[in-house]
Amino acid sequence: MNSVADEIDSPRAEWRMLHSCIKSEITTMIGASFTTTLARLIAAVAFFGALSTGTVLAAPLTAGVAKIDITNVDAGPVNDRLWVKALVIKSEATTAVLITVDAVAIGEIGYIKNDYLPKIRARLEKDLGIPSAHVLVNASHCHGVVCEDVDQRTIQAVTLATQNMVPVHVGAGRGHEDRIMENRRLKLKNGKEVDVRHAYSMPADEDVAEVGPIDPEIGILRLDRTDGRTLAVIYNFACHPIQGVPGKGNTADITGFASQVIEDNLSEGTIALFVQGCGGDINPITYKETHSPRNAETLGNLLGLSTLKALRKIPSKSEAGLRLINESLTLPRADLAERIASLEAEQSKLLKSLTGTSLNLKTFLPLVVKYKLADEFPSYYSHRYLHEKKLGRDDLTKLDEENRRNLQQYIDHIQTMEQLTRAQTNLALLKKHQAQNVAAGQRTIDVEVVGLRIGEFTLVTFPGELTVRIGLNIKQQAPHKLTFVAGYTNGYIYYSPTAEQLLNVGGAQEDSDCILAPEWQALFESCVTNLLKKL
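Residues numbered from 1 in each chain as written. Predicted model: local features only at pLDDT ≥ 70, side-chain atom pairs only at ≥ 80, totals over all residues. Heavy atoms only, no water.

I would appreciate a short explanation of the overall build of the chain in the present structure.
If you tally the helices and strands in the chain, you get 13 helices and 20 strands. The 535 residues of the chain split such that 51% are buried. By element, 54% of the accessible surface of the chain is carried by carbon and sulfur atoms, the whole surface being about 24700 Å². (Helix = DSSP H or I, 4+ residues; strand = E, 2+ residues; numbered from the N terminus. Buried < 20%, exposed > 50% of the residue type's maximum accessible area, 1.4 Å probe, protein only. Areas by Shrake-Rupley, 256 points an atom, 1.4 Å probe, with all protein chains shown as cover.)

Printed below as a string of structure tokens:
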């Protein structure tokens, strides 16, 4: 495991300064009263002792921000603009860059190419002297369409940010929002799990046993100019921003609207940078709504207002440390052959269960309405049933029995076909990633894990679509009170579900659209534990 680390003052440097101070004080004792010199010496020891025990009285940080429009105006109607935003923050010894992009991913899928990250890093290191390991790029995971020259515009945003550096005070805290999202994985009564997607239909209501957790926490870092005006706000939250807008135009979705709300209600020129969290299995609420238009703006407004509400209670301080650690972590690739075979067997079983039915859609629809509307007397008014009964006949009753059998068979077939579409969709994902893993020529993959600490704000990043339990686990075990987790950062390696979720063969996208073996989770969480101790 390789790492690159920088911090504002190392313990060794602190004690070199202490030694120099003591030497100077002893030298001046000859010409000063012993009492005065001793007091000054004790103060110096206390000051540097505080530094060595973690009470860092750091020099003020400087920061600059900028944003550039990256909307692809040739990709159809535009509802709202997409942005690349850059924050450059600097201490005496370290420069860190945080870039946020309104895009689905940093390479691999979507409209940002795989050479984007190495290209911008190389250019920033060459032109601005910023080490590649100090550049973090996070995708919001909205499904908007960015322009083709997004890499050049990213470099432009960072360059502008470096040209507008000012001293800053920083403050960290957390907000709360639980009205706009839901866990999309549904645990069924048979022990399996399925997910809520437009790619396939929902399971029957009576088959659903429970739903998974959400993370309502908003991680917040504020950076204020020394005159009190807000320069930038970083906010971290876990949710797929894929709600869309009624007109179906290009959109930055929920988080784009949230950022606009934040920027509109703070100091002129404030830039809000959204950092996507562990949203791999978190959908917008009412994601499958069919009776009214889905609108990301409503949900984004709620997230923005909740962030502002928390922000107003967060004070900023003039003294804050800056620390960044970038480590390479080797993770095992999955061998998906067994899971593919298992899902193919299930697919075959489902297919064989389909038999001929007497009904078709034309006859099914009026019958199901009639039999749901009047359960006891569906085929005619009640008096006809009573009349037949008086005469000792049961013709309508026999007809109802036959129709109910046919209706149930048709419904069973519909549900079987829905299961087949789910199996077929997820089987295609498993086969795709098995081919990728074989073509890679090695059973492991190296990823970047980054730890960034600005004052009391601590952020850990990972390139995969982390599911929410991963983030909750890390926060629970973190030694720092304000620790937050970001997926979708510095590359893209598809979904990264828990080891337990990976036992669910082909039932949900998160466990099918994944290249990692179950052991990845323990390795990653162990890496994060050690990284957080260093921060």
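For this particular structure, what's the right way to read the pattern of salt bridges?
Side-chain pairing between opposite charges can occur once the charged atoms of the two side chains come close. All chains considered together, the criterion is met by 25 salt bridges. Between Glu 448 and Arg 121 there is a salt bridge, with the nearest N and O atoms lying 2.6 Å from each other. Of the two residues, Glu 448 is situated in strand E16 (residues 444-454) and Arg 121 in helix H3 (residues 116-128); the sequence distance between them amounts to 327 residues. Between Arg 185 and Glu 193 there is a salt bridge; the shortest N-O distance is 2.8 Å. The class of Glu 193 is buried, set by a relative accessible area of 13%. Among the ionic contacts, a cluster of salt bridges with common partners joins Arg 184, Arg 185, Lys 187, Glu 193, Glu 510 and Asp 511. (Salt bridge = Lys/Arg side-chain N within 4 Å of Asp/Glu carboxyl O.)

Teacher, can you tell me more about the pairing of strand E12 (residues 230-237) here?
Two faces make up the sheet, and in a regular strand the side chains alternate between them. The element E12 is largely enclosed, with a buried count of eight among its eight residues. The pairing of strand E11 (residues 217-225) with E12 spans six bridges and is classified as antiparallel. Residue pairing in the sheet places Leu 221 in a bridge with Ile 234 of E12. What sits between E11 and E12 in their antiparallel hairpin is a turn of four residues, with Gly 228 showing a positive phi close to 100 degrees. In this sheet, strand E13 (residues 271-276) lies alongside E12 in parallel orientation, the contact comprising six bridges. Along E13, the bridge assignment pairs Tyr 235 with Phe 274. (Pairing = 2+ DSSP bridges.)

Limitation: the analysis is restricted to geometry and does not speak to function.
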